[in-house]
Amino acid sequence: SGSATILLPMTQLRRSGAAPLFRAEQGFACQPGGLRRRSARPIRGASPMSATAARPAFWRSFPPFAALPPGALAALATAAQPRTWTAGAALFQRGDPGDWMLAIETGRVRLGLVTQAGRELTLRLAEAGETLGEIALLDGEPRSADATALTAVTGHVLARRDFDLLARRWPD
């Protein structure tokens, strides 16, 4: 099975209405070679990653949050939860609920699809300083692609409920 890199707007993927080829059971991810247990886990205790994300300057570095006032950035830093994934782990799969977004601090994530012919299509690669999943938070739709950690990934997860609270408090 070959692979190709194709960049498509996420709206085009959503309009296609194509159903996922397969779904893994909760807690598992479909990956080459079969099902594997998802390996996302919260980071416990203080760490350099947690300290960095607690600073509003970290969040201001992401374009979706750059114009937020200091109070909103502080609330965002408090609400987001640090997470880590090992290389090869699935962050989410196409069709999963879009109930959180990720601000990547370190690592590289592949966003892609598997065609009905079994070819892997890379839609984009996301790295430190980028976000994933913000479209699903805004439109409420399920995930439109698979996200797989190509390297160990550290980031900060903002849940929909926290995003909605922040958006109501700071609507601009």
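All of these numbers come straight from a predicted model, not from anything done at the bench. (Residues numbered from 1 in each chain as written. Predicted model: local features only at pLDDT ≥ 70, side-chain atom pairs only at ≥ 80, totals over all residues. Heavy atoms only, no water.)

**A look at the overall build of the chain**
On a plain count of helices and strands, the chain comes out with 6 helices and 12 strands. Counting across all 172 residues of the chain, residues that qualify as buried make up 38%. Counting only contacts in the chain whose residues sit at least 6 apart along the sequence, the fraction spanning at least 24 positions is 73%. By element, 56% of the accessible surface of the chain is carried by carbon and sulfur atoms, the whole surface being about 9400 Å². (Helix = DSSP H or I, 4+ residues; strand = E, 2+ residues; numbered from the N terminus. Buried < 20%, exposed > 50% of the residue type's maximum accessible area, 1.4 Å probe, protein only. Contact = heavy atoms within 4.5 Å. Areas by Shrake-Rupley, 256 points an atom, 1.4 Å probe, with all protein chains shown as cover.)

**Thoughts on the nonpolar core**
In terms of nonpolar packing, the biggest core is built from 17 residues, with Trp59, Phe62, Phe65, Leu68, Leu76 and Leu158 touching the most fellow members. Those elements that place two or more of their residues in this core are helix H3 (56-60), helix H4 (70-79), strand E7 (100-106) and helix H6 (160-169). Counting residues per element, this core draws most heavily on H4, at 5 residues. Grouped together as the second largest cluster of nonpolar side chains are 15 residues, Ala89, Leu102, Val109 and Ala149 included. (Core = buried A, V, L, I, M, F, W, Y, C linked by side-chain atoms within 4.5 Å.)

**Remarks on the side chain of Arg143**
Position of Arg143 among the secondary structure elements: in the loop between helix H5 (134-139) and strand E11 (146-149). The buried charged residue Arg143 lacks any salt bridge partner; its closest oppositely charged side chain belongs to Asp99, at an N-O distance of 4.6 Å. Look past the residues within four positions of Arg143 in its chain and what remains in contact with it is Phe92, Gln93, Arg94, Gly95, Asp96, Pro97, Gly98, Asp99, Trp100, Gly133 and Ala136. (Lys, Arg positive; Asp, Glu negative; His and termini not counted. Salt bridge = Lys/Arg side-chain N within 4 Å of Asp/Glu carboxyl O.)

**Quick notes on the confidence of the model for the chain**
Scored by pLDDT, the chain has a mean of 75; 69% of the residues are at 70 or more. For the stretch residues 1-50, pLDDT sits under 50, and the model shows 98 contacts to residues farther than four places along the chain or on other chains. (pLDDT = per-residue confidence, 0-100.)

**Quick word on the packing of aromatic side chains**
Scanning the model with the defined rule gives 6 aromatic pairs in all. Taking the centre distance of 5.1 Å and the plane angle of 70° together, the rings of Phe58 and Phe62 count as edge-to-face. Residue classification places Phe58 among the buried residues on the basis of a relative accessible area of 11%. Take Phe62: its relative accessible area is 1%, and that puts it in the buried class. A ring pair is formed by Trp59 and Phe62, whose centres lie 5.9 Å apart and whose planes are at 40°; its orientation type is tilted. For the pair shown, Trp59 and Phe62 are each scored as buried. Aromatic ring contacts, followed pair by pair, group Phe58, Trp59, Phe62 and Phe65 into a single cluster. (Phe/Tyr/Trp six-rings, centres within 6.5 Å; stacked < 30°, edge-to-face > 60°.)

**Section: H4**
Residue pairs spaced three or four apart in an α-helix point in one direction, given the helix's 3.6 residues per turn. Within H4 the residues assigned to the buried category are Ala72, Leu73, Leu76, Ala77 and Ala79. Along H4, the residues classed as buried sweep out an arc of 165° about the axis, all on the same side. Turned more than 90 degrees from where H4 packs its buried face, Pro70 and Thr78 sit exposed. (Arc of directions from axis to C-beta.)

**Focus: the environment of Ala152**
Along the chain, Ala152 turns up in the loop between E11 and strand E12 (153-159). With 64 residues separating them along the chain, Ala152 and Gly88 place their C-alpha atoms 8.1 Å apart.

**A few points about the pairing of strand E8 (residues 108-114)**
Most of E8 sits inside the fold, with 5 of its 7 residues counted as buried. Note: E8 against strand E9 (residues 120-127), 7 bridges, orientation antiparallel. Counted as the bridge partner of Arg108 is Glu127 from E9. Once E8 ends, the chain turns through 5 residues before running back antiparallel as E9, passing Gly118 with a positive phi of about 90°. Sheet topology places E8 next to E11; 4 bridges connect them, and they run antiparallel. By the bridge assignment for E11, Val109 is matched with Ala149. (Pairing = 2+ DSSP bridges.)

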